[in-house]
Amino acid sequence: MKTAEAKEMLHSKKAESFFEQMYGSQAEENVARYESAAQGFAAKFGEKDMLLFSSSGRTEISGNHTDHNHGKVLAGSINLDCIGAAAKNDAGVVHIISATYDQDFTISLEDLKPSAKMAGTIDLTKGILAGFLDRGYQIGGFDAYITSNVISAAGVSSSASYEMLICSILNVLYNDGKMDVVDYAHIGKFSENKFWNKQSGLLDQMACAVGGLITIDFKNPNAPKVEKIDFDFGAQNHSLIIVQTGKGHADLSEDYSSVPNEMKAVAQYFGKEVLAEVDEAEVLANVAKIRKKTGDRAILRALHFFEENKRVDAEVAALKEKDFAAFLENITASGNSSWKWLQNCFTNQAPQEQGITVTLALTELFIQEKKKGACRVHGGGFAGVIMAMLPNELVDEYIAYIEKVTGKGSAYRMMIRPYGAVCVSEFLAK
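Definitions and cut-offs
- Residues numbered from 1 in each chain as written.
- Predicted model: local features only at pLDDT ≥ 70, side-chain atom pairs only at ≥ 80, totals over all residues.
- Heavy atoms only, no water.
- Pairing = 2+ DSSP bridges.
- Helix = DSSP H or I, 4+ residues; strand = E, 2+ residues; numbered from the N terminus.
- Axes fitted to C-alpha atoms, helices over the stretch in contact; angles between N-to-C directions.
- Salt bridge = Lys/Arg side-chain N within 4 Å of Asp/Glu carboxyl O.
- Buried < 20%, exposed > 50% of the residue type's maximum accessible area, 1.4 Å probe, protein only.
- Polar contact = N/O pair within 3.5 Å; in protein donor to acceptor, adjacent residues only side chain to side chain.
- Expected span 1.5 Å × (residues − 1).
- Phe/Tyr/Trp six-rings, centres within 6.5 Å; stacked < 30°, edge-to-face > 60°.
- Lys NZ or Arg CZ within 6 Å of the ring centre and 35° of its normal.
- Core = buried A, V, L, I, M, F, W, Y, C linked by side-chain atoms within 4.5 Å.
- Contact = heavy atoms within 4.5 Å.

**Q** I'd like to hear about the sheet that holds strand E10 (residues 385-391), residue by residue, with values.
**A** Spatially, four strands are ordered E9-E10-E8-E11 in an open sheet, and the strand pairing comes out antiparallel. Edge positions in the sheet fall to strand E9 (374-377) and strand E11 (411-414), since each has one partner strand and no second. Across the sheet, the axes of successive neighbouring strands diverge by a mean angle of 20°, strand direction being ignored. With seven bridges joining them, strand E8 (residues 238-244) and E10 adopt antiparallel strand pairing.

So this is what it looks like as structure tokens:
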């Protein structure tokens, strides 16, 4: 597909319906993004057959810090995404141009070792290529022109969105499109663990790759149980708002690592590796002994894990029963647990910086006055982002209210989209 064909396809009747589902009121501006990507590809790599791809960002609805102990999550693909135009090459290299981040790099398929720093887009991409080989899949050279509007450092997984885009490109170009998105997720995790030195789980990758509103049970992490929830979020007259509360100045690596490590310390008391292998009743019966070995915060975080899993089940049940009020009540409960039990709303390294807790407090006051909505910390926590769910008629008022504190342009109104990591060209050609 050349540039002119891409433009024609993007303005077809089928494309109109597809983009409405993917981007809602921002459909037209996103068509322009794809046109720009196709034109950018042609300008950099020449007029040759290309395919268009998309991989969404994600939102975590509930299941805060549960995946790394093989728990349950509720998440969704959002209408912010990483898109690209790509085509095979015969040069034995992967040549990627990222217009968003002003990057232009080439990776030889003969050199897939990570750098000494184990950081950056090149290492992440090498890890994906190596991950394909590690799982027995094919790789090959390709050229790609990529742009992204997935907000970085906002808990919506800009890195996982990029990873899943590269997986989708490799799947279509070199594996006949036969791969399962669960494989995508494992490859993304492999890349982050082995080439980025980041001990992430599978949540971000799965939520970006699958699409729609999904619940995931990670009890068997090699084959997580994924269920798409048939629920029309848009019909509830509510919007999902992500608020960037400001980046803290402390190094949060230790904070993030402490959460899974402390949960696992409680599991290890019972000779298990992760909390999913432990019964909550056993923990409650042995609190006095466990706290002497692990400390009190580990106990609280373990209890958060068990109760958060129950909340995910309750939220899924509420969505299936179309009980949106009960769903929102559990969102609020999840947020309270993260704040009080999980304790990931600020870092003890810099207690004078509490962007998340201040923004949550102000949002709770807004919700209390309006008697509608819910809010919670979003993503890893300690600094960064909160999530609010509010009726559409209150969204503009809330954004104006909260941005007086967090700054203009810090609040983003989002929607859940039905597709995750996809080859747009193939989808529209069906």
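**Q** So what's going on with the pattern of salt bridges? Which residues, and what values?
**A** Inspection of every chain in the model, using the stated rule, returns 22 salt bridges. A salt bridge links Lys 2 to Asp 49, with the shortest nitrogen-to-oxygen separation between them at 3.4 Å. Taken together, the residues Lys 2 in the segment before helix H1 (3-10) and Asp 49 in the loop between helix H3 (27-45) and strand E1 (51-62) connect sequence positions 47 residues apart. In this structure Lys 2 comes out as partly exposed when scored by relative accessible area, which is 32%. Between Asp 81 and Arg 417 there is a salt bridge, and its shortest N-O distance comes to 3.0 Å. Of this pair, Asp 81 sits in strand E2 (residues 72-88) while Arg 417 sits in the loop between E11 and strand E12 (422-423), and the two are 336 residues apart along the sequence. For the residue pair Asp 81 and Arg 417, the accessibility class agrees, reading buried in each case. Salt bridges sharing common partners tie together Glu 60, Glu 308, Arg 311 and Arg 376.

**Q** Lay out the side chain of Ser 56 in plain terms, naming residues and giving numbers.
**A** Here Ser 56 is to be found in strand E1. Within the structure, the side chain of Ser 56 is placed 3.3 Å from the side chain of Ser 77, a separation counted as a polar contact. Polar contacts involving the side chain of Ser 56 include one to the main-chain carbonyl oxygen of Cys 208, which spans 3.2 Å.

**Q** Could you give me a rundown of helix H5 (residues 158-174), with the residues and numbers involved?
**A** Taking 1.5 Å per residue, 17 residues should reach 24 Å; H5 reaches 24 Å between its end C-alpha atoms and fits that length. Burial within H5 is extensive, with 15 of its 17 residues counted as buried. The positive-phi residue at the C-terminal boundary of H5 is Asp 176, with phi of around 55°.

**Q** Lay out the pairing of E2 in plain terms, naming residues and giving numbers.
**A** Counting buried positions along E2 gives 15 out of 17 residues, so the element sits mostly inside the fold. Pairing of E2 with strand E6 (residues 213-217) involves five bridges; the strand directions are antiparallel. Looking at the pairing, Leu 74 lines up with Thr 215 of E6. Sheet topology note: the E2/strand E5 (residues 142-148) ladder contains seven bridges and is antiparallel. Paired with Cys 82 across the bridge in E5 is Ser 148.

**Q** So, the packing of aromatic side chains: which residues are in play, and what are the values?
**A** A full pass over the atoms with the stated rule returns 18 aromatic pairs. Centre to centre, the rings of Tyr 398 and Tyr 401 are 6.4 Å apart; their planes meet at 40°, and the pair counts as tilted. With a gap of three residues between them, Tyr 398 and Tyr 401 both fall in helix H14 (residues 392-406), about one helical turn apart. Site record: aromatic cluster; members linked through ring pairs are Phe 18, Phe 19, Tyr 23, Tyr 34, Tyr 419 and Phe 427. The ring of Tyr 174 carries Lys 88 above its face, with NZ or CZ at 4.8 Å from the centroid.

**Q** Could you give me a rundown of the pairing of E5, with the residues and numbers involved?
**A** The buried count for E5 comes to seven of seven residues, which makes it a mostly enclosed element. Side chains Phe 142, Ala 144, Ile 146 and Ser 148 of E5 all project onto a buried face; the interleaved residues Asp 143, Tyr 145 and Thr 147 project onto the opposite face, where all are buried too. In the sheet, strand E3 (residues 93-98) pairs with E5 via five bridges, with the strands oriented parallel. The partner of Ile 96 across the bridge, within E5, is Ala 144.

**Q** Provide a residue-level description of the nonpolar core, including the pertinent values.
**A** Ile 96, Phe 142, Ile 166 and Ile 169 are the most contacted members of the largest nonpolar core, which totals 34 residues. Mapped onto this core, the elements with two or more residues apiece are E2, E3, strand E4 (103-108), helix H4 (120-134), E5, H5, helix H6 (181-195) and helix H7 (203-210). Top element by residues in this core is H5. It accounts for 10 residues. Discounting residues that sit within four places of it in the chain, Phe 142 has contacts with Ala 87, Lys 88, Asn 89, Val 93, Val 94, His 95, Ile 96, Ile 166, Ile 169, Leu 170 and Leu 173. With 28 residues, the next largest nonpolar core counts Ile 229, Leu 240, Ile 242 and Val 385 among its residues.

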